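For reference, the chains in residue letters:
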Amino acid sequence: DFRKAMSQAGTSQFQEVIRQELEYSMKVELDKILATAHSNELQHTKKDLEGFKKLFHRFLQEKGPSVDWGKIQRPPEDSIQPYEKIKARGLPDNIASVLNKLVVVKLNGGLGTSMGCKGPKSLIGVRNENTFLDLTVQQIEHLNKTYNTDVPLVLMNSFNTDEDTKKILQKYSHSRVKIYTFNQSRYPRINKETLLPIAKDVSYSGENTECWYPPGHGDIYASFYNSGLLDNLIAEGKEYIFVSNIDNLGATVDLYILNHLMNPPNGKRCEFVMEVTNKTRADVKGGTLTQYENKLRLVEIAQVPKAHVDEFKSVSKFKIFNTNNLWIALSAIKRLQEKNAIDMEIIVNPKTLDGGLNVIQLETAVGAAIKSFENSLGINVPRSRFLPVKTTSDLLLVMSNLYSLNAGSLTMSEKREFPTVPLVKLGSSFTKVQDYLRRFESIPDMLELDHLTVSGDVTFGKNVSLKGTVIIIANHGDRIDIPAGALLENKIVSGNLRILDH
């Protein structure tokens, strides 16, 4: 035992020496990069690299999935409230004064690359020529006009989306919404083998674009604080931010949740509210809320030990998942940021660059900070508040007659008999937005659709109706053209347009 203890001590000492050497080498490389910065970019580059250094230090300290599965408990009954209960309280007469304390923040760092688009994802057209950004501005403008309020919109851009977004913002100069932007940090990607940055200088254009990355939306706390915007909004009397992904078309300002925050029934305000919704089979990988060491905690699939992944995915044990619609007190962000007390798990995101080099990105997620805030709460909201558009399959749903558009908000058509959304799977021929648009002469009628799978070279004529379960599979080398005006109800279409009953 003595020998075993000695060898363990030797191993941990050896690991500590390696860690220190890695940190020192990283510091040397980052100093070299910083030395290439022009005076006008020195300050923010320094802040970015300091933030990265802290994250890298933690990455070297922490090992493996960071949850102890034995400590995970179901959240206490009252820690996740049903939305119906929150709504039943109604609204106060002075809803305008409550709204004037709110700031809407949209996470706008992502590019449309996964859907084959160049530039910021927020500028993709999703409905009647409107982009994600158009719809967001319309929603807030509608609020401000209806209640005579001044709810501003804040966009957290990344270095990838900032320039294009700022150009487009000029078109809203006459709208009744103040729009602010700040940039999330820019961190260096690191070589998976050497654990050193692949960047040699601060530039991030041309061949250097692949050397840098925005470190996930958990970066919002530091970037928002560092930008000075947080202090400015507090000085203007703002108290809460409502944060959501710009591609979640269900994430509109909810007055009942806002009222619950500002006028809590027990008199004690929540600093952090996470909207969660019931899992379906399609959401088994979504992060879930648990009770862990007497705090509400978000657990993501990447943190789950391998032996427990199936249990984590179980819809019966973990019934809800995080929508990433969050309501957070500005004063709490400021307090925790100044104490350096926001604790978020590190997400290690491996990537392979175009040239074949394996790199890793160290990221954090905004919702993971829930455990650092006081009096946190989950609210189980209707599924309609989670309507993300990640793929062209999602795009087909939001473009269809399943939804109607009113003042920038999408609502499910009353003609749809089921409140659930159909399951749509479009094959690889539809992945890119331009290919997808080319394959539909008009968006089919989907009011009575349950399930649609399309694979291969398939096109749709005008005024097609899809009902029940429809599966269309064109084999390699075949092409299927669904004729204009066709009605497909519980059909399997395969080969060269043979239509069979399902």
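Note: the structure precedes this text.
Thresholds, definitions, all that
Residues numbered from 1 in each chain as written. Predicted model: local features only at pLDDT ≥ 70, side-chain atom pairs only at ≥ 80, totals over all residues. Heavy atoms only, no water. Helix = DSSP H or I, 4+ residues; strand = E, 2+ residues; numbered from the N terminus. Rg over C-alpha atoms; globule rule 2.2 N^0.38 Å. Buried < 20%, exposed > 50% of the residue type's maximum accessible area, 1.4 Å probe, protein only. Contact = heavy atoms within 4.5 Å. Areas by Shrake-Rupley, 256 points an atom, 1.4 Å probe, with all protein chains shown as cover. Lys, Arg positive; Asp, Glu negative; His and termini not counted. Charge placed at Lys NZ, Arg CZ, Asp CG, Glu CD. Core = buried A, V, L, I, M, F, W, Y, C linked by side-chain atoms within 4.5 Å. Domains from an automatic or database assignment. Salt bridge = Lys/Arg side-chain N within 4 Å of Asp/Glu carboxyl O. Polar contact = N/O pair within 3.5 Å; in protein donor to acceptor, adjacent residues only side chain to side chain. Pairing = 2+ DSSP bridges. Axes fitted to C-alpha atoms, helices over the stretch in contact; angles between N-to-C directions.

### Here's the deal with the overall build of the protein
(1) Moving on: Across its full length, the protein carries 13 helices and 26 strands.
(2) Moving on: For the protein, whose C-alpha radius of gyration is 25 Å, the value lies close to the compact-globule estimate of 23 Å for 502 residues.
(3) Moving on: In terms of overall dimensions, the protein has C-alpha extents of about 75 × 60 × 55 Å along its principal axes.
(4) Moving on: By the burial criterion, 50% of the 502 residues in the protein qualify as buried.
(5) Moving on: Intrachain contacts of the protein at a sequence separation of at least 6 include 70% that bridge at least 24 residues.
(6) Moving on: Accessible surface, the protein: about 24300 Å² in total, of which carbon and sulfur atoms supply 50%.
(7) Moving on: In the protein, the 62 positive side-chain charges and the 58 negative ones have mean positions that sit 2 Å from each other.

### Structural notes on the nonpolar core
(1) Moving on: Of all hydrophobic cores here, the largest spans 107 residues; its most connected members are Ile 220, Tyr 221 and Phe 460.
(2) Moving on: The biggest single contributor to this core is helix H5 (residues 132–147), with 6 residues.
(3) Moving on: Here this core spans two domains, and each of domain 1 (69–385) and domain 2 (392–494) adds at least three residues to it.
(4) Moving on: Those residues in contact with Phe 460 that lie beyond four places of it in its chain are Phe 430, Arg 439, Phe 440, Glu 441, Pro 444, Val 454, Leu 466, Ile 472 and Ile 482.
(5) Moving on: The next biggest cluster of nonpolar side chains, apart from the first, holds 27 residues, and it includes Leu 22, Leu 55, Ile 360 and Leu 362.

### Examining the pattern of salt bridges
(1) Moving on: Scanning the model with the defined rule gives 26 salt bridges in all.
(2) Moving on: Between Lys 171 and Asp 134 there is a salt bridge; the shortest N-O distance is 3.0 Å. Of this pair, Lys 171 sits in the loop between helix H6 (162–169) and strand S6 (179–183) while Asp 134 sits in helix H5; the two residues are 37 residues apart in sequence, bridging distant segments of the chain.
(3) Moving on: You can call Lys 171 exposed: its relative accessible area is 52%.
(4) Moving on: By relative accessible area, which is 7% here, Asp 134 ends up buried.
(5) Moving on: Between Asp 231 and Lys 334 there is a salt bridge, with its nearest N and O atoms 2.9 Å apart.

### Comments concerning helix H9 (residues 255–262)
(1) Moving on: H9 sits mainly inside the fold: 7 of its 8 residues count as buried.
(2) Moving on: Measuring from the backbone nitrogen of Tyr 256 back to the side-chain oxygen at the start of H9 gives 3.0 Å, which picks out Asp 254 as the cap.

### Concerning the sheet that holds strand S1 (residues 80–82)
The pairing of strands in a sheet happens through backbone hydrogen bonds and is either parallel or antiparallel.
(1) Moving on: Read across the open sheet, the 8 strands follow the order S1-S17-S11-S14-S10-S2-S5-S6; overall the sheet is mixed. Each having just a single partner strand, S1 and S6 make up the two edges of the open sheet. Between one strand axis and the next, the sheet turns through 25° on average, direction left out of account.
(2) Moving on: In terms of strand pairing, strand S2 (residues 102–108) meets strand S5 (residues 153–157) through 5 bridges, oriented parallel. By the bridge assignment for S5, Val 104 is matched with Leu 153.
(3) Moving on: Lying over the sheet, H5 contacts S2, S5 and S6, oriented at roughly 155° with respect to S5.
(4) Moving on: Together, strand S10 (240–245) and strand S14 (320–329) form the strand contacts of helix H11 (residues 330–338), whose direction differs from that of S14 by roughly 90°.

### Overview of the environment of Ile 33
(1) Moving on: Relative to the helices and strands, Ile 33 resides in helix H1 (residues 2–34).
(2) Moving on: Using a relative accessible area of 1% as the deciding quantity, one classes Ile 33 as buried.
(3) Moving on: Ile 33 sits 168 residues away from Asp 201 along the chain, and the two C-alpha atoms are 4.5 Å apart.
(4) Moving on: Filtering out sequence-adjacent residues up to four positions away, Ile 33 remains in contact with Leu 49, Pro 197, Ala 199, Lys 200, Asp 201, Val 202 and Trp 212.

### Some thoughts on the sheet that holds strand S15 (residues 347–352)
(1) Moving on: Here we have 3 strands laid out as an open sheet, ordered S8-S16-S15, and antiparallel in their pairing. Edge positions in the sheet fall to strand S8 (190–191) and S15, since each has one partner strand and no second.
(2) Moving on: Relative to strand S16 (residues 358–363), S15 is paired through 6 bridges, and the arrangement is antiparallel. Across the sheet, Thr 352 pairs through a bridge with Asn 358, a residue of S16.

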